[in-house]
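Each chain is listed here by its residues.
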Amino acid sequence: MKFEYDPRLIELAVFHRVRVEPQLEPAVHAVLDPLYLLPAGTARDARFHQAYAEMFQQLGLNRFVEDLLAEQPIVAGKADRCLVRQAARARQESIELYQRDDDPSATRTVLVQLTPEHLADPDPCRDEMRRELQHVADMMDPAFQYRAADLAGQSPQDNLVRDRYHVMWNVYVESRLTSAGHIAGGRKTALRNGFLRSFGGRFNPPVAAFEALWAPAKLDHSALMAMAQDPRRLPGWEESNAGGGDLRETLGSPCTLCGFSTFDWFDLQSEAGRRLVRILVERRDGWDTASGVCRQCAEACLARHASGSALCGV
Ligand SMILES: [Zn+2]
């Protein structure tokens, strides 16, 4: 694999290393100062780029990205080139894969975006970059069978499925890296909260489903898609939702009050949900607890009945 660094990033990373290790300063000046005496122009710029590139190598600042990618043999073996560019800030640091799903012989490029600070001193970003790289490794792994096209839709349902897919994929990435000792971990609680939020509402996923995902058998793209599309396929769903098979709420099916297709069911098990059930059972003939209510209808109904006296409808 060929590594190509943005020359500006190389220059800034050298600066940062010198700032962290001021004893390097005389050696750097010895290389750069004579270049300032040359006439300004593209020839001098080229000499500067060359000098910075050599110092970059001598200081070992190329090691971080190269060693990181070598940790995932699938990526190291299959990517044709690795572009390393500057991230404007740490939050924008990422590793992305550019490949054509329809043409396996086309060039596969890994784009790594890092701040110069982290390229010069990578410890603070190492775990996060390992997470990024594991995603790329999954995308390149023939056994994972990633299909970007499945996640490309823009409808509300597509957005929801994509969100759930990424929440579960992040869990799968984190659990593997943590159990292999490749990252310090510590994100499990945040991931669990995100998982419960993403699958929230009436689908109220059992914490057991999260724990089963955390210690998984091998997962792949289609398994993640299936669970994202239908939470009843989550591990542990059956045991903790006995009778859940009667549930009439599915993604995109109509709310029993407004009739509009919804992806945001109200949690009827919650305290407010139980209050809503009492109101609806009393006022709607034929309504029972297996009928789903969308969040909008639920909140409107609860607001109308907040004082305990119904003023209109349900
Ligand atoms: Zn509704």
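Relevant structure appears above.
Notes on the structure in this doc start here.

So, how was this worked out
Residues numbered from 1 in each chain as written. Predicted model: local features only at pLDDT ≥ 70, side-chain atom pairs only at ≥ 80, totals over all residues. Heavy atoms only, no water. Donors = N, O, S within 2.8 Å, 3.2 Å for Na, K, Ca; no water. Tetrahedral: all angles 85-135°; square planar, octahedral: opposite > 155°, others 65-115°. Buried < 20%, exposed > 50% of the residue type's maximum accessible area, 1.4 Å probe, protein only. Helix = DSSP H or I, 4+ residues; strand = E, 2+ residues; numbered from the N terminus. Pairing = 2+ DSSP bridges. 1 Å grid on protein atoms, 1.4 Å probe; cavity = no way out; pocket = protein on both sides within 12 Å on 5 of 7 lines; lining within 4 Å. Points joined across faces, edges and corners; volume = space filled by probe spheres on them.

1. Points about the coordination of the zinc ion
- In this structure, Cys255 (SG), Cys258 (SG), Cys294 (SG) and Cys297 (SG) serve as the protein donors to the zinc ion, at separations of 2.2 to 2.4 Å.
- What the four donor atoms of the zinc ion show is an angle range of 104 to 116° at the metal, which sorts the shape as tetrahedral.
- A relative accessible area of 3% means that cysteine 255 is categorised as buried.

2. What about the pairing of strand β4 (residues 109–114)?
- In terms of burial, β4 is largely enclosed, as six of its six residues are buried.
- Judged by which residues are buried, β4 turns out to be covered on both faces: Thr109, Leu111 and Gln113 on one side and Val110, Val112 and Leu114 on the other are all buried.
- Pairing between strand β3 (residues 94–98) and β4: five bridges, direction antiparallel. The residue of β4 that forms the bridge with leucine 97 is valine 110.

3. Considering unusual backbone geometry
- One non-glycine residue, glutamine 145, lies in positive phi territory at about 55°.
- Residue placement: glutamine 145 occurs in the loop between α7 (126–140) and α8 (156–179).

4. Some words on the layout of surface pockets
- Taken as a whole, the largest pocket encloses approximately 280 Å³ of empty space.
- If you go around the largest pocket, you meet 13 residues; those closest to its centre are Gln99, Asp101, Arg108, Met139 and Tyr146.

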